[in-house]
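Listed below, chain by chain, are the residues.
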Amino acid sequence: MKPVGPIPPGFDAIDGELAISGRRASEWVAQAGRTPLFVYSKAMIDARVAQLRAHLPARVGLNYAVKANPHPAVIAHMAPLVDGFDIASAGELALCVAAGIDPRRISFAGPGKRDEELEAAIGAGVTLNCESEGEGMRALAIGQRLGIAPRIAVRVNPSFVMTGSGMKMGGGAKQFGVDAERVPALARQLIAQGAEWRGLHIFTGSQTLSADAIIEAQGNVLDLAAALTEEIGHGCPKLNMGGGLGIPYFPGDTPVDLARVGDALTARVAALPGALADTALCLELGRYLVGEAGVYLARIIDRKISHGATFLVTDGGLHHQLAASGNFGTVVRRNYPSAIATQYGAEPTEEVNIVGCLCTPLDRLADNAMMPHADVGDLVAIFCAGAYGATASPSAFLGHGPAAELLV
Ligand SMILES: *Cc1c(COP(=O)(O)O)cnc(C)c1O
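Note that the structure is a prediction, hence the values are computed from the model and not measured.

Basis of the calculations
- Numbering of residues starts from 1 in every chain and runs along the sequence as written.
- Reporting in this predicted model follows two pLDDT cut-offs: at least 70 for local features of residues, and 80 or more for side-chain atom pairs to be given and counted; totals over whole chains, interfaces and linings ignore these cut-offs and use all residues.
- Where side-chain values are given, they derive from all heavy atoms of the structure, hydrogens and water being excluded.
- Each helix is a run of H or I in the DSSP string that is no shorter than four residues. Each strand is a run of E no shorter than two, and both are numbered from the N terminus.
- Each radius of gyration is computed over the set of C-alpha atoms, and the globule rule expresses the reference value as 2.2 Å times the number of residues to the power 0.38.
- We call a residue buried when its accessible area falls under 20% of the maximum for its residue type, exposed when it is over 50%, and partly exposed in between, using a 1.4 Å probe and counting protein chains only.
- The criterion used for residue contact is that any of the two residues' heavy atoms lie within 4.5 Å.
- Being near a molecule or strand, for a residue, comes down to having at least one heavy atom within 4 Å of it.
- Whenever a nitrogen or oxygen atom comes within 3.5 Å of another N or O atom, the pair is scored as a polar contact, on the condition that within protein one atom can donate a hydrogen and the other can accept it, and that pairs from neighbouring residues in sequence are kept only if both atoms are in side chains.
- Reported accessibility uses the Shrake-Rupley method at a 1.4 Å probe radius. Residues are deemed covered only where the shown protein chains occlude them.
- Classification used: nonpolar for Ala, Val, Leu, Ile, Met, Phe, Trp, Tyr, Cys and Pro, charged for Asp, Glu, Lys and Arg, polar for all others including Gly.
- UniProt positions are given in the numbering used here, feature names are shortened, and annotations may be inferred rather than shown by experiment.
- For this analysis, a nonpolar core means a set of buried residues of the types Ala, Val, Leu, Ile, Met, Phe, Trp, Tyr and Cys, connected via side-chain atoms within 4.5 Å.
- All domain edges in this entry derive from an automatic or database-based domain assignment.

J.: How would you explain the overall build of the protein chain if you had to name every residue and give the values?
T.: Across its full length, the protein chain holds 11 helices and 20 strands. The C-alpha atoms of the protein chain give 22 Å as radius of gyration, which agrees with the globular expectation for 408 residues (22 Å, within 12%). Its C-alpha atoms put the protein chain at 70 × 45 × 35 Å along the principal axes. Here the protein chain holds 408 residues, and the buried ones make up 56% of them. Taking the intrachain contacts of the protein chain between residues at least 6 apart in sequence as the baseline, contacts between residues at least 24 apart amount to 73%.

J.: Can you break down unusual backbone geometry residue by residue, with the values?
T.: For the peptide bond that leads from Thr35 to Pro36, omega is -10°, which places it in the cis range. As for its placement among the helices and strands, Pro36 is situated in the loop between helix H1 (25-32) and strand S4 (37-40). You will see that Tyr388, though not glycine, has its phi angle at about 55°, which is positive. Relative to the helices and strands, Tyr388 is located in the loop between strand S19 (379-382) and strand S20 (404-407). Despite not being glycine, Leu398 has its phi angle at roughly 75°, a positive value.

J.: For the site of the ligand, give the residues involved together with the corresponding values.
T.: Around the ligand, the surrounding shell holds 12 residues, and the nearest of these are Lys67, Ser206, Gly286, Arg287 and Tyr388. For the ligand, an oxygen atom lies 2.8 Å from a polar atom in the backbone of Arg287. Taking 390 Å² as the accessible area of the ligand by itself, protein coverage stands at 93%. Looking at side-chain class alone, the shell around the ligand contains 5 nonpolar, 3 polar and 4 charged residues.

J.: Quick rundown of the UniProt feature "modified residue: N6-(pyridoxal phosphate)lysine" (unreviewed entry) in the protein chain? Include the residues and the values.
T.: UniProt feature "modified residue: N6-(pyridoxal phosphate)lysine" (unreviewed entry): in the numbering of this structure it lies at Lys67. Mapping Lys67 onto the fold places it in the loop between strand S5 (60-65) and helix H3 (72-78). Discounting chain neighbours no more than four positions away, the residues touching Lys67 are Glu92, Tyr388 and Thr391.

J.: Mind laying out the side chain of Glu292, listing which residues take part and the relevant values?
T.: Here Glu292 is to be found in the loop between helix H10 (287-290) and strand S14 (294-306). Ignoring any residue separated from it by four or fewer positions in sequence, one finds Glu292 in contact with Pro8, Phe11, Met44, Arg48, Ile247, Pro248, Arg287 and Cys384.

J.: Can you explain the side chain of His71? Please cite residues and give values.
T.: Tracing the chain through its elements places His71 in the loop between S5 and H3. In contact with His71, not counting residues within four places along its chain, are Tyr40 and Glu405.

J.: Could you give an account of the nonpolar core, naming the residues involved and the relevant values?
T.: Leu18, Tyr64, Phe85, Leu200, Leu239 and Leu297 are the most contacted members of the largest nonpolar core, which totals 124 residues. If one sorts the elements of this core by residue count, helix H8 (residues 211-232) sits on top with 11 residues. Residues lining this core come from more than one domain, with at least three contributed by each of domain 1 (11-40 + 293-407) and domain 2 (42-290). When near neighbours in sequence (up to four residues on either side) are disregarded, Leu200 contacts Ala153, Val154, Val156, Val183, Ala225, Leu228, Thr229, Ile232, Cys236, Lys238, Leu239 and Asn240.

Laid out in structure tokens, this is it:
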């Protein structure tokens, strides 16, 4: 028997069925007209943003990292809730513009921005988080051609990382950002050549549950930003401090102690070094805002036994939920929080393997998990599916096509 991860708080049972935003899973499936289906709860997103606002100092804004969940309805729902949007492609820019978001609230990070992407962003007034000297020079040239001063911040590759981070995106040799010691020279050059200086972006990691690690990283980010700003010799209009707050996926994971993170940041912000006295601060969060608000629902198509093991074969799989299958940045496969949505809260009575419909042994959603008895037609729920699900999975693989998505 292998345990499953902790089901996030906020879900209820109605008539023995999982309820999301007050309605039964099967009703959402009926509304969507099909499975597999991602359901994202507005109420849970709202509650998470409210919790952050309650704990973080008012001075620190919240950006939404669109790549976590770029569903158009989710982006539109976020528009009044957060202060800014972080994008990583011209495709995400187009989604934000279509959702009516003012491009001046958007910043664009990510290596390998093509000239067309830089042009679209500069033309719209988006802030570029510049990832290299070469990109900075291309942005200046494009700005000159368009007759627009490009809005540019520099993304810093810091010498430290956030300890305990699920995905390390700073420290040592990286494709992200400009090595800290070269940032002042680049910033001064960008300013001298007519860029509108927007400040610094320092992202130190992702999916961290440890408050201590987050507090330490935030302190390091503020110290580094202050030192770089002094060396640059121009005020830092904005500092994107990164994010990295994680969510519990696996047995034994516990939520971030947000009160501790908020208290420590409040104390730091009250004693900011002079170089950052007028700097607008923000955190950029993806998974923490939307991850727990999403549930992936798939229908059991077959129930079979092989060498004594029970397999519940669903119409879903790793083509929508690569992370739950254990094939997206994990070393050892562990079970995501999961349940039989149509037998929700019933006593677990059998050990089952919940698998997808793809012709590959990698396509597992839960192994050796204790579940109530389920039959063909029952719905399976995989939780923590609101981030890096639908668009971070190979939905073209094997030709089953994308899942349906609903924001409710
Ligand atoms: C992916 C990414 C994020 C979001 O990370 P989460 O773990 O989803 O919060 C934020 N900033 C940058 C630069 C990123 O690349």
